[in-house]
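# Structural overview for review
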Amino acid sequence: MLNETTGALFYAIPPAIGAATGGDVLIAVGRAFSADPQLDFAGKALTLRSRSVLRQPAGGLYTLAHDSSLEAARGRDLTLQGELIAPADASVSLSGSTFTVTAGGTLTLAAGAGVTLAAPAGSALGGTATLGAGAALRASAALTLGGAPPDFVRRVVSTTAAGAWTAGAADLDGSGGVDIFFASEGDNTIGWHQNLGGSPPEFTRWAISSTARGAHGIFPADLDADGHTDLLATYGPNQGSVVWYQNDGGMPASFSERAIAAVRGAFSVFAADVDSDGDLDVLSASNEDDTVAWYESDGGASPSFTRRVISSSADGAQSVFAADLDGDADTDVLSASYSNDTVAWHENGGEPAPVFAERVISRAADGATSVFAADLDGDGDLDVLS
């Protein structure tokens, strides 16, 4: 209850949890927990520090009264299990923190109230909000997520990658630094830039192959499970190739080219465990034979691969990606096809030798050249970008 004379806030908590009160602010050092069905803040602030959690039994109620505020320390978590009601002049502020509404939890905002999950200006920390299954967010006021947009400074790594087509980042030499790998079509090169450290970091260029004619795709994966990051690549506009470069270790790392398959118009490459046998398989999209395929790994120390066709009607196939899109614990495949403007996913039937069923996402992706999957709306399932 609130002591109107002293302005202090008192409520029942288990004795194992420490809380100090004084003035008009309650500071919870550990977890703040109330078994009472209602916890009121009248013109006061509750500040949660350390790894603090605010919990209430499902169906319980927290009420922020007029001029009240609820804050979590920067970078810490706030979990709402019951219901939190914020009136017009109340606020919930989490500076760079995570706000979770669990199953059965509800956040209700009146007009003029606000929930802000934002990092201070110039901070790299942003807030996130997560709603558990069965949770609700009701707002007639603005909900602000994240901090100020980050600023980016352009740093030139190389000006000599003629016709640079694809680039990415991974620790190729095992140094703990993030290196950069690339495929450049104009000079037929597969290569990498070794991160030498520093702030900003400096890089040294190493060519892996200078005969990868028309190099396009490149992707990092430890195909032989030896703890070193290997590189997959595609090259060749006509009788093209899907290859992998085995990382032999060392400082700097050295690579040995290993053939996977000859593929007409090999363009994009990816790696995932397609058949759920514990090793990484390879996927490719090739635009001259309109094919999306996967290459089954035998799991050996220097693996060999068997080609399996997923689709031979992906007209002008340019991009391939793999992810569990339907949440059934097997790996599905996404493709983007330039010539028929199609983005599709290929549902993995889950068999030991998977059979795929094509599901068209869009036939209006004009000149589709790339596809990707990520949970954009934070609802727990994967969305698709093209």
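Just so it is clear, the structure is predicted and the values come from calculations on it, not from any experiment.

What counts, and at which threshold
- Residues numbered from 1 in each chain as written.
- Predicted model: local features only at pLDDT ≥ 70, side-chain atom pairs only at ≥ 80, totals over all residues.
- Heavy atoms only, no water.
- Helix = DSSP H or I, 4+ residues; strand = E, 2+ residues; numbered from the N terminus.
- Buried < 20%, exposed > 50% of the residue type's maximum accessible area, 1.4 Å probe, protein only.
- Contact = heavy atoms within 4.5 Å.
- Areas by Shrake-Rupley, 256 points an atom, 1.4 Å probe, with all protein chains shown as cover.
- Phe/Tyr/Trp six-rings, centres within 6.5 Å; stacked < 30°, edge-to-face > 60°.
- Salt bridge = Lys/Arg side-chain N within 4 Å of Asp/Glu carboxyl O.
- Polar contact = N/O pair within 3.5 Å; in protein donor to acceptor, adjacent residues only side chain to side chain.
- Pairing = 2+ DSSP bridges.
- Axes fitted to C-alpha atoms, helices over the stretch in contact; angles between N-to-C directions.
- pLDDT = per-residue confidence, 0-100.

### Let's talk about the overall build of the protein chain
- Along the protein chain, the regular secondary structure elements total zero helices and 35 strands.
- Residue burial in the protein chain is summarised as follows: out of 386 residues, 43% are buried.
- Sequence-distant contacts, at least 24 apart, represent 39% of the contacts inside the protein chain between residues at least 6 apart.
- On the protein chain, roughly 17900 Å² of surface is accessible, and the fraction owed to carbon and sulfur atoms is 52%.

### A few points about unusual backbone geometry
- Ser-199 connects to Pro-200 through a cis peptide bond whose omega is 0°.
- Pro-252 follows Met-251 through a cis peptide bond whose omega is 5°.
- Counting through the fold element by element, Pro-252 comes out in the loop between β24 (239-247) and β25 (255-264).
- For Asp-290, which is not glycine, the phi dihedral falls at a positive 55°.
- Checked against the element boundaries, Asp-290 lands in the loop between β27 (281-286) and β28 (291-297).

### Notes on the packing of aromatic side chains
- Applying the stated criterion across every chain, the model contains five aromatic pairs.
- Ring centres of Phe-219 and Phe-270 lie 4.4 Å apart, and the angle between their planes is 35°; this geometry places the pair in the tilted category. Residue Phe-219 is located in strand β22 (residues 218-221), and its partner Phe-270 is located in strand β26 (residues 266-272); the two are separated by 51 residues in the primary sequence.
- Judged by centre distance (4.7 Å) and plane angle (55°), the ring pair of Phe-321 and Phe-372 falls under tilted. Here Phe-372 lies in strand β34 (residues 372-374) and Phe-321 lies in strand β30 (residues 317-323), a separation of 51 residues in the sequence.
- Accessibility expressed as a relative area gives 11% for Phe-321, which makes it buried.
- Accessibility expressed as a relative area gives 45% for Phe-372, which makes it partly exposed.
- Members of the aromatic cluster, joined through ring pairs, are Phe-219, Phe-270, Phe-321 and Phe-372.

### Some points on the pattern of salt bridges
- This model, assessed by the stated rule, comprises three salt bridges.
- Between Arg-308 and Glu-296 there is a salt bridge, with its nearest N and O atoms 2.8 Å apart. Pair noted here: Arg-308 is in strand β29 (residues 305-311) and Glu-296 is in strand β28, with a separation of 12 residues, a long-range link.
- Between Arg-359 and Glu-347 there is a salt bridge, and its shortest N-O distance comes to 2.8 Å. Of this pair, Arg-359 sits in strand β33 (residues 356-362) while Glu-347 is found in strand β32 (residues 342-348), placing the two residues 12 residues apart along the sequence.
- Under the relative-accessibility criterion, Arg-359 is labelled partly exposed at 39%.
- Residue Glu-347 is classed as partly exposed on the basis of its relative accessible area, which comes to 23%.

### A closer look at the environment of Arg-155
- By the element assignment, Arg-155 lies in the loop between β17 (143-145) and β18 (164-170).
- In this structure the C-alpha to C-alpha distance between Arg-155 and Pro-201, which are 46 residues apart in sequence, comes to 9.4 Å.

### Details of the side chain of His-216
- By the secondary structure assignment, His-216 is in the loop between β21 (203-209) and β22.
- Side-chain polar atoms of His-216 contact the backbone oxygen of Gly-214, separated by 3.1 Å.
- When neighbours within four sequence positions are excluded, His-216 is seen to be in contact with Trp-165, Thr-166, Ala-183, Glu-185, Thr-234, Ala-266 and Phe-267.

### So, the sheet that holds β28
- Reading across from one edge, β26-β27-β28-β29 is the order of the four strands in this open sheet, with antiparallel pairing throughout. At either margin of the open sheet sits one strand with a lone partner, and together these are β26 and β29. Shown here is a sheet whose adjacent strand axes are inclined to one another by a mean of 25°, direction ignored.
- Of the pairings in the sheet, the one linking β28 to β29 comprises six bridges and is antiparallel in character. From the neighbouring strand, Ala-293 faces β29, where its bridge partner is Val-309.

### Remarks on the confidence of the model for the protein chain
- With 61% of its residues at a pLDDT of at least 70, the protein chain reaches an overall mean of 75.
- Put simply, strand β1 (residues 19-22) is where the protein chain has its lowest mean pLDDT, 32, and β22 is where it has its highest, 96.
- This stretch, residues 1-40, has a pLDDT under 50; its non-local contacts, to residues over four places away or in other chains, come to 82 contacts.

### Details of the sheet that holds β22
- Strand order in the open sheet made by the four strands is β22-β23-β24-β25, with antiparallel pairing throughout. Of all strands in the sheet, those with a lone pairing partner are β22 and β25, marking the two edges. Sheet twist, expressed as the mean angle between neighbouring strand axes with direction ignored, is 20°.
- Examined bridge by bridge, β24 and β25 share nine bridges and lie antiparallel to one another.

### Considerations on the side chain of Gln-194
- Within the fold, Gln-194 resides in strand β20 (residues 189-195).
- Owing to a relative accessible area of 7%, Gln-194 belongs among the buried residues under this scheme.
- Looking at Gln-194, its side chain comes within polar contact range of the side chain of Trp-206, at 3.0 Å.

### Here's the deal with the pairing of β30
- Counting buried positions along β30 gives seven out of seven residues, so the element sits mostly inside the fold.
- Pairing analysis gives six bridges linking β30 to strand β31 (residues 332-337), with the strands arranged antiparallel. The residue of β31 that forms the bridge with Ala-317 is Ser-337.

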